[in-house]
Amino acid sequence: MDLLAWYPWFKAIHVMSVIAWMAALLYLPRLFVYHAERGAPGSELSETFKVMERKLLRGIMNPAMISSWTFGLLTLVSLGPGFLANSPWLHAKLLLVVLMTGYHMACARFRRDFAEDANRRSGRFYRMINEIPALLMVGIVILVIVQPF
Ligand code: HEM
């Protein structure tokens, strides 16, 4: 089978998945900010935040991450074995994507803490970590589009 013929389709689905993944990665910690500052454990607001956080993680963030990886790797495979070897920028991109995945895992853990009424982190903490995916995304897009090396 000529996988290269599928390259534009794999890449299109990859970019759609990445958009959904980034939207969720940027939004979930915003919910954590409001949850930490306004949603005292046991309050109705806290229970509402729990539902929103669970649905965002399970309904969008997890599937979008799986799809981003699956179609990113399919895009790579469709370009043939020489592509990765000849693209140093892609090695750097994959390193940043691994960090993005680590951030995703950390957010999943923070969500579990909120679900168990066990969050001890401040709204300021969540406000600060919210910059991490934005910075990683800037680096990834520059690497993938500008290909500086
Ligand atoms: C999850 C693991 C990922 C893998 C394995 C992966 C792999 C790839 C590959 C092989 C390409 C094709 C490159 C080319 O045709 O020159 C690509 C394109 C692209 N990737 Fe990823 N990627 C991943 C995650 C991400 C993330 C997290 C972002 C953004 C935050 C991203 C943004 C893009 C964009 C914008 C393109 C299109 C570039 C173009 O058309 O020139 N990718 N990806």
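Residues numbered from 1 in each chain as written. Predicted model: local features only at pLDDT ≥ 70, side-chain atom pairs only at ≥ 80, totals over all residues. Heavy atoms only, no water.

Per an unreviewed UniProt entry, the protein chain carries the name Protoporphyrinogen IX oxidase and comes from Albimonas donghaensis. A UniProt comment under Pathway (unreviewed entry) is attached to the protein chain, and it reads "Porphyrin-containing compound metabolism; protoporphyrin-IX biosynthesis; protoporphyrin-IX from protoporphyrinogen-IX: step 1/1." A UniProt comment under Sequence similarities (unreviewed entry) is attached to the protein chain, and it reads "Belongs to the HemJ family." (UniProt positions renumbered as here; feature names shortened; annotations may be inferred.)

In the vicinity of the ligand there are 21 residues, among which Tyr7, Lys11, His14, Val18 and Lys93 approach most closely. Between the ligand and Tyr7 there is a distance of 2.4 Å, counted from an oxygen atom to a side-chain nitrogen or oxygen. Lys11 places a polar side-chain atom, nitrogen or oxygen, 2.6 Å from an oxygen atom of the ligand. When each cavity is represented as a set of grid points, the ligand is found to reside in the largest pocket. Of all the secondary structure elements, the ones that give two or more residues to the shell around the ligand are helix H1 (7-38), helix H2 (44-78), helix H4 (88-115) and helix H6 (131-146). Its residues assigned to classes, the shell around the ligand comprises 14 nonpolar, 5 polar and 2 charged. (Near = heavy atom within 4 Å. Polar contact = N/O pair within 3.5 Å; in protein donor to acceptor, adjacent residues only side chain to side chain. 1 Å grid on protein atoms, 1.4 Å probe; cavity = no way out; pocket = protein on both sides within 12 Å on 5 of 7 lines; lining within 4 Å. Sits in = over half its atoms within 2 Å of the grid points. Helix = DSSP H or I, 4+ residues; strand = E, 2+ residues; numbered from the N terminus. Nonpolar A, V, L, I, M, F, W, Y, C, P; charged D, E, K, R; others polar.)

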